[in-house]
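# Remarks on the overall topology
Residues per chain, in single letters:
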Amino acid sequence: MSQDAGQGRYAGRALAGGRYQLRDLLGEGGMASVHLAYDSVLDRQVAIKTLHTELGREQAFRERFRREAQAVAKLTHTNIVSVFDTGEDDLGGMTTPYIVMEYVEGRPLGSVLDEDVRQQGAMPADKALKITADVLAALEISHEMGLVHRDIKPGNVMMTKRGVVKVMDFGIARAMQSGVTSMTQTGMVVGTPQYLSPEQALGRGVDARSDLYSVGIMLFQLVTGRLPFDADSPLAIAYAHVQEEPVAPSSVNRSLPPAVDALVARALKKNPNERFPSAVAMRDECLRVAASCQAAPPSIVPGAQTSSGAGVGSAVFPPVDQSAPAPTGPVQTPYQPTQTPNPYGTPTPAPSPAYGYPQQGGYPTPAASPYAPQHPQPQGAQTPPPYNLTPSAPAPGSGGGRKGNRMVIIGSIVVAVLVVGGLIGALAMDDGGEDAKGGDTTASGSPSPSKAEGYRGPDTTKTIEKDECTEPEESYNDPDQIKVPDFTFKYIGSVKECFQAAGWSMEVVEVDENTYGEGSVRDQFPTPGTDVDPEKMPTIQLKVSTGNPPSS
Ligand SMILES: Nc1ncnc2c1ncn2[C@@H]1O[C@H](COP(=O)(O)OP(=O)(O)OP(=O)(O)O)[C@@H](O)[C@H]1O
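Residues numbered from 1 in each chain as written. Predicted model: local features only at pLDDT ≥ 70, side-chain atom pairs only at ≥ 80, totals over all residues. Heavy atoms only, no water.

### Looking at the sheet that holds strand E7 (residues 106-108)
We apply this condition: Pairs of strands are assigned from DSSP output, requiring at least two bridges between the strands. Each helix is a run of DSSP H or I of at least 4 residues and each strand a run of E of at least 2, with the numbering of both proceeding from the N terminus. Here, axes are lines fitted to C-alpha atoms. For helices the fit covers the stretch in contact, and angles between N-to-C directions go from 0 to 180 degrees. Between two residues, a contact is recorded if the distance between any of their heavy atoms is within 4.5 Å.
Across the sheet, three strands lie side by side as E7-E8-E9; this open sheet has antiparallel pairing. In this open sheet, the two strands that pair with only one neighbour each are E7 and strand E9 (165-167). The mean angle between the axes of side-by-side strands here comes to 30°, regardless of whether they run parallel or antiparallel. The pairing of strand E8 (residues 157-160) with E9 spans three bridges and is classified as antiparallel. Looking across to E9, one finds that valine 157 is bridged to valine 167. Docked against the sheet, helix H2 (residues 109-120) engages E7 and E8, running at close to 85° with respect to E7.

In structure tokens, the structure reads:
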């Protein structure tokens, strides 16, 4: 609670022409305050969240915020904090967006957990699983409506006095993200570092499965009293989400059955394709495991380690003012994936090779799927510092644990990796099966292979129409975005015409293969169907066949 001792600097003020009278301060987050308020029209208590961020100055952001609130107002479910109204008003000389919601008499899940940790070291597994199942019930509803929460964490889950779980802040992170993205050239990520999914940390698009990852982090925290990934800086935490394997919860809390380990492990898969496919599926599993759980009290192993994010060092993320120049020439990542020992003593698998995270040697991009990441990896990474915190946000993670798990804006890990290592996209495109040659060429460069034995000539009949670039499909999720067309198997000549007509730029990587023939696009990044902002169209990387057989 602030120095205003429960009053808040806006207590006593009114919003919406006097309709809402702000009373006690209920709490303050990184970018917002929540007040108990009185709705004089409907004669009831409500909670009002006022957003104190520079974003509030942006008309476009306020518009987005309003639209998100409208979408959230349509969500009605016992486990979701209802949104009643939204607007903006002048507070302290600044246009401040606010949101009026159901007042929940209770306390945040973080505080319930704190109490359990004090008394028993962690939350009893059956209780944690039931709470998690209720959070998933809320997500089931929002995901059905196409709304990804993006900031699931104990601070956004309230428990009423009667033990009813209520998830709040749907839509806020998304509005913040789009506001931040429109104000920055490169991948800034909004979220709470400790709960970010790897795809969020990389500044990629997210879908429902990103929320399931965050729920997995939260469940780990409930049953062990610790976070699986924590470190001294948001970026080091982001790195751990992308590169480090979590320990099994039972290595921290010995009373946990293997079924809880398996559940958490699946939720925390780096590759979204390997997580639970939906909130419903994960919820069913939580309830199944809860039903089979013996009511054993937590048994915490003293000093048990989770992850420290130590794999990220100054070599990977240099201090802000010492960003290393992106190397030219052949691609080498500056680090190896960290192999964290796991409690079973079995080899820890590297992150799934199906998701294209930055790894030595590179992993393939996924096949186009309906869940494919929706946003491009940001390009042009020369400019940004490795990370950036909003001035209004308290420094997160400084002491680890729940102390610093505030929502912040950070430069995505992909930006930092690009600054140091460059060419993450080329790595992501390297499927290991084909021999990517000679790094990248520019849009004007075309493959001009010397013909080896077994060379196959071009098939110029496989073309793409120009209007696929000039009039691309609109994103399903966001009318301001477009879907990246599918260039695979098309002849590069027609693809170039398509790009030129739309004014887009490409980067060509030659690959040896002689099944489809010279000039055939074999792979692309961002993948087909990825949502991108046409105003900030990324350079699209294309792997194009030389027509020559792969060298053995
Ligand atoms: N609808 C509500 N009813 C009752 N109390 C609420 C409500 N919404 C928020 N609160 C209280 O206000 C506190 C602050 O909420 P807020 O969402 O701003 O912060 P946070 O989630 O902890 O921080 P951040 O999202 O910035 O990391 C909550 O922890 C909770 O105690």
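### Observations concerning empty space enclosed by the protein
The criterion, for reference: Points on a 1 Å grid, built from protein atoms alone, make a cavity when a 1.4 Å probe fits but cannot get out and make a pocket when they are open with protein on both sides within 12 Å along at least 5 of 7 lines; residues with an atom within 4 Å of a point are the lining residues. Grid points are joined across faces, edges and corners, and a volume is the space filled by probe spheres set on the points. Segment limits for the domains were obtained from an automatic or database-derived domain assignment.
Tallied over the entire structure, the rule returns three cavities of 30 Å³ or more. Computed from the structure, the second largest cavity encloses a volume of approximately 70 Å³. Every residue lining the second largest cavity is listed: Lys49, Val72, Val81, Val83, Ile99, Met101, Val167, Met168, Asp169, Phe170 and Ile172. Here the lining of the second largest cavity spans two domains, and each of domain 1 (13-102) and domain 2 (106-300) adds at least three residues to it.

### A look at the confidence of the model for the chain
Operational definition: Summary of the metric used: pLDDT quantifies the predictor's per-residue confidence within the range 0 to 100.
Residues with a pLDDT of 70 or more make up 71% of the chain, whose mean pLDDT is 75. The model gives residues 1-6 a pLDDT under 50, and that stretch makes eight contacts with residues more than four places away or in other chains. In the predicted complex, the global pTM is 0.64; the interface-specific ipTM is 0.96.

### Notes on the UniProt feature "binding site: ATP" (unreviewed entry) in the chain
Applied cut-off: UniProt positions are given in the numbering used here, feature names are shortened, and annotations may be inferred rather than shown by experiment.
Taking the UniProt record as the reference, the feature "binding site: ATP" (unreviewed entry) is found at Lys49. Tracing the backbone shows lysine 49 in strand E4 (residues 44-51). Aside from chain neighbours lying at most four places away, what touches lysine 49 is Ala32, Ser33, Val34, Pro97, Tyr98, Ile99, Met101, Asp169 and Ile172.

### Some thoughts on the sheet that holds strand E5 (residues 83-91)
If you walk across this open sheet you meet the six strands as E1-E2-E3-E4-E6-E5, and the pairing is antiparallel. Single-partner strands in this sheet number two, and they are strand E1 (14-15) and E5. Bridge count for strand E2 (residues 20-28) against strand E3 (residues 32-39) is six bridges, and the pairing is antiparallel. Residue pairing across strands places tyrosine 20 opposite aspartate 39, the latter belonging to E3.

### Some thoughts on the packing of helix H3 (residues 125-144) against helix H6 (residues 208-224)
Heads up, the condition is: Put simply, angles under 35 degrees are roughly parallel, angles over 145 are roughly antiparallel, angles from 65 to 115 are roughly perpendicular, and the rest are oblique. The hand of a helix crossing depends on one turn: near helix anticlockwise from the far one by less than a right angle means left-handed, and clockwise means right-handed. Following the grouping adopted for this structure description, the nonpolar residues are Ala, Val, Leu, Ile, Met, Phe, Trp, Tyr, Cys and Pro, the charged ones are Asp, Glu, Lys and Arg, and the polar ones are all others, Gly among them.
It is the contact of H3 with H6, at a shortest axis distance of 10 Å, that shows an interaxial angle of 165°. Considered as vectors, H3 and H6 are oriented roughly antiparallel to each other. Note that H3 runs across H6; the crossing there is right-handed. On H6, the residues touching Ala125, Ala128, Leu129, Thr132, Val135, Leu136, Leu139 and His143 of H3 are Ala208, Asp211, Leu212, Val215, Met218, Leu219, Leu222 and Val223. Residue composition of the contact of H3 with H6, grouped by class: 13 nonpolar, two polar and one charged.

### So, the side chain of glutamate 102
Basically, it comes down to this: Any N or O atom pair separated by 3.5 Å or less is treated as a polar contact, with the protein-specific requirement of one donor-capable and one acceptor-capable atom, and with residues adjacent in sequence counted only for side-chain atom pairs.
Looking at the secondary structure, you find glutamate 102 in strand E6 (residues 94-102). Here the side chain of glutamate 102 touches serine 82 through a polar contact of 2.8 Å, landing on its backbone nitrogen.

### Some details on the pairing of strand E14 (residues 506-512)
Stated precisely, the cut-off is as follows: Partly exposed residues are those whose accessible area sits between 20% and 50% of the maximum for their type, while under 20% is buried and over 50% is exposed, using a 1.4 Å probe and protein chains only.
Here E14 lies mainly inside the structure; seven of its seven residues are buried. What you see with E14 is no split at all: Met506, Val508, Glu510 and Asp512 on one side and Glu507, Val509 and Val511 on the other are buried throughout. Note: E14 against strand E17 (residues 540-545), six bridges, orientation parallel. Following the sheet pairing, valine 508 is matched in E17 by leucine 542.

### A few points about the state of the cysteines
Convention followed: Throughout, a disulfide means two cysteine sulfur atoms within 2.5 Å of one another.
Counted according to the given criterion, the structure contains one disulfide. Each sulfur in the disulfide pair cysteine 469 and cysteine 498 lies 2.0 Å from the other. For the disulfide bridge between cysteine 469 and cysteine 498, the dihedral angle about the S-S bond is near 110°, and by the sign convention the bridge is right-handed. One end of the pair, cysteine 469, is in helix H12 (residues 467-470); the other, cysteine 498, is in helix H13 (residues 492-502), and 29 residues separate them in sequence. Grouping residues by exposure puts cysteine 469 and cysteine 498 together as buried.

### Observations concerning the packing of H6 against helix H8 (residues 258-267)
Where H6 meets H8, the axes come as close as 8 Å, and the angle between the chain directions of the two elements is 145°. In the packing of H6 onto H8, the handedness of the crossing is left-handed. Along its contact with H6, which presents Leu212, Tyr213, Gly216, Leu219, Phe220 and Val223, the element H8 presents Val260, Leu263, Val264 and Ala267. Class assignment of the residues belonging to the contact of H6 with H8 gives a composition of nine nonpolar, one polar and no charged.

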